[in-house]
Amino acid sequence: MGFISLSLGGFYSLSILTSEMVHFHINFPAADREKAGGLGPPGGFGGRLQPVVVNLAKEGMPKRACCPWIVGISTHWITNIGEKAYTIRLELVNCSIPVDWSCSLSTWNPKTKAITQEVLPHQSVSGLSLDWYFHIPPELRNVEVIYDGGLSIVDAQTGENLSFLPIKIVLR
Amino acid sequence: MRLGLGKKNWIRYLFFLIGIFLFVSPFALLARFAYLILDSASKPSIHSTCLRMTVEWIFSGRLFEAVISNPLYLAVIVLPIIAFFFGPLWCGWLCPAGSIPESLSRLVPRRAKIDLSGKINPAAIRYGYFAGFALFAIIGLGFTVCCYWCNFAVMEKIVEDIFLLNLWDLGIWAYSTGIITLVFWLVILGVILKGGRGWCNFACPIGAIQSLAHVVGSRVRGTFRIAHDESKCDNCGSCMEACPTWAVTSSKNSVKINRHVCIVCKECVVACRRGALGYLRS
C-alpha cells in the first residue's frame, strides 16, 4: 500500500511537472540558447534538455481550485560556466504581467534583482531558491500564449547580456 | 467532552518548541549558526538540514557531494546512528513535522478522531513507501516523490505564515502536491487521526531509516529502548491509548512494542500508572 501510494504520488507529480512551480536551470555566459539551460535541474529531467514552457491547461485540480491564475516558476541552479567570476543581475524580458520575486539569499538585492556576491567560474549560486509568481490578469486568461519572453542574466558591473533562457506560459 | 490530553509529558512538549526554534524558518537557529561559521548567504531554513533530499541522495549517489557544500546534510547519517543507540529521538522529541500534527491532534476529542490502531500495520506501509522512495531515486525520478510531496516544506510555510503574519503564502497554494500534502499531513493523517502521526507512520523516509536502526540497535546490549515489565502490568490499556504511533499493541494479556514504529517518545511510560514501562538500557 505504501509503495502504491508513493508510485501514484510520483506519477501525479510527473503529470504537473510542466504546469505548476516549473523548475529550470540557467547557465551563463552562454552565447547560444542550447547552453543557456532548460527545464529541470542541470542536464534536464532524465538527461533530456527541454525548453521552459509552462502549460496552464495541464494544471492539477487542487491548484486550479485554490490558486488559479497565479503561475509559479522556480530555479535552484544558476551556474557560471565561464572562466571568470561575475556579479549578476536578473531580468524578465518582455514581461508586462505583474510578477512577485522571492529569493532565499541574504546577498539578494530585491530592488536591483542582483546577487551581490560574485559567482565563481564553474560554480553555481549556493543555497539558491529563486521563485517567480506571475499574476495573470483577466485580459490574458483566454489567450493561447500568455507570456513569451525569458530570463536574462546580465553582468551587474558592465550591463553586458550574459545569457538568455526563453520562457513561455501557454494555455493549450 | 474528553480531549486526548492525559498525563502530560511536559519536557517532551518543551522539546517540540525547541525543535521548531532550532530547525524551522524564520528561526532555524541551528542553520543560522552553521551558516555564520560557513559564511554562507543561504537562507537558514528546514531545507538546510533537509531529511528527504538527503535520503534521495543516498540512493542516487549524490550525498557526498552535497555534504561537502553543506555539512548539515550529515544529519541523515547522524540520526540513524543516534537511533541505533538511543532510539529515534529525533522523531519522538524534536521533529516539527511530527510534533505539530501530534500536538494539534491531542486537542481534538477522541470521538471525533479516526482510530486505525490495531487495524493496520503501519510498519508495512512505511517500509513499502520507503522502498518506493529508494527505487524512484535509483531510477532518476527521485524529485517526483521528494520535494513535490515535502511535508517539511509545507510545515515550514505554515510556521512562517504564523510568525510573519502572512496568511496567503503562495509557496503552499501554487502547486497541487503542496495542497494535497497539507491536507494529508496536517488533517487526514494528522489532526483527525488517533495519535496525529499518520504521515510519520506511513510516509516518512528518514523515520523509516531510523526505525530500522532502532530495531537492530535494540537487540544490542547497552542500547536504550522502551521496555515492558509484565509482572507490573495490569493490562489497563492506557499505554496503547497514549502511544501516538500505535506502536504499543495488546498481545496475549500483555502488551507488545512494535519497534518498527516506536519513536521512544515515552508517552506510554508517563501514562502507565504501575511503572510497567520504562526507557531502559538493555
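About the thresholds
- Residues numbered from 1 in each chain as written.
- Chains lettered and ligands numbered in written order.
- Predicted model: local features only at pLDDT ≥ 70, side-chain atom pairs only at ≥ 80, totals over all residues.
- Heavy atoms only, no water.
- pLDDT = per-residue confidence, 0-100.
- Contact = heavy atoms within 4.5 Å.
- Buried < 20%, exposed > 50% of the residue type's maximum accessible area, 1.4 Å probe, protein only.
- Helix = DSSP H or I, 4+ residues; strand = E, 2+ residues; numbered from the N terminus.
- Disulfide = S-S within 2.5 Å.
- Buried area = accessible area lost by both parts, 1.4 Å probe.
- Salt bridge = Lys/Arg side-chain N within 4 Å of Asp/Glu carboxyl O.
- Polar contact = N/O pair within 3.5 Å; in protein donor to acceptor, adjacent residues only side chain to side chain.

1. As for the confidence of the model for chain B
All names here are of chain B.
No. 1: In this model, chain B carries an average pLDDT of 90, and 96% of its residues clear a pLDDT of 70 or more.
No. 2: Note that residues 1-5 has pLDDT below 50 and, in this model, 12 contacts with residues that lie over four places away or in other chains.
No. 3: Across the whole predicted complex the pTM is 0.90, and at the interface the ipTM reaches 0.89.

2. Some details on helix α7 (residues 96-105) of chain B
Residue and element names in this part refer to chain B.
No. 1: Of all 10 residues in α7, 8 are buried; the element is thus mostly enclosed.
No. 2: Every buried residue of α7 is accounted for by P96, A97, G98, S99, I100, P101, E102 and S105.
No. 3: Where the residues of α7 are buried, they touch α1 (10-23), α6 (89-94), α10 (151-164), α12 (176-191), α13 (198-203) and α16 (267-271).

3. Quick word on the state of the cysteines
No. 1: Considering all chains together, one arrives at 0 disulfides over all chains under this definition.
No. 2: The closest cysteine sulfur to the non-disulfide-bonded C50 of chain B is located on C146 of chain B, 5.7 Å from its own sulfur.

4. Re the interface of chain B and chain A
No. 1: On the chain A side, the residues contacting the 27 residues of chain B number 34 residues.
No. 2: Surface buried jointly by chain B and chain A totals about 2,500 Å² across both partners, of which 74% is contributed by carbon and sulfur atoms.
No. 3: Our enumeration of links across chain B and chain A arrives at 0 salt bridges.
No. 4: Counting across the chain B and chain A interface gives 6 residue pairs in polar contact (both at pLDDT 80 or more).
No. 5: Looking at the side of chain B that touches chain A, the elements that each hand over two or more residues are α8 (122-138), α9 (142-145), α11 (170-173) and α12 of chain B.

5. Re the environment of C262 of chain B
No. 1: Relative to the elements of secondary structure, C262 of chain B occurs in the loop between β3 (254-257) and α16.
No. 2: Among all residues touching C262 of chain B, those that are not within four sequence positions of it are P88, H214, I226, T245, A247 and I257 of chain B.

6. Some details on the pattern of salt bridges
No. 1: Considering all chains together, one arrives at 11 salt bridges over all chains under this definition.
No. 2: Salt-bridge contacts for E91 of chain A lead to R89 of chain A; the nearest nitrogen and oxygen are separated by 2.8 Å.
No. 3: Classification of E91 of chain A as partly exposed rests on a relative accessible area of 34%.
No. 4: Residue R110 of chain B pairs with E241 of chain B through a salt bridge whose shortest N-O separation is 3.9 Å. Of this pair, R110 of chain B sits in the loop between α7 and α8 while E241 of chain B sits in helix α15 (residues 238-242), placing them 131 residues apart in sequence.

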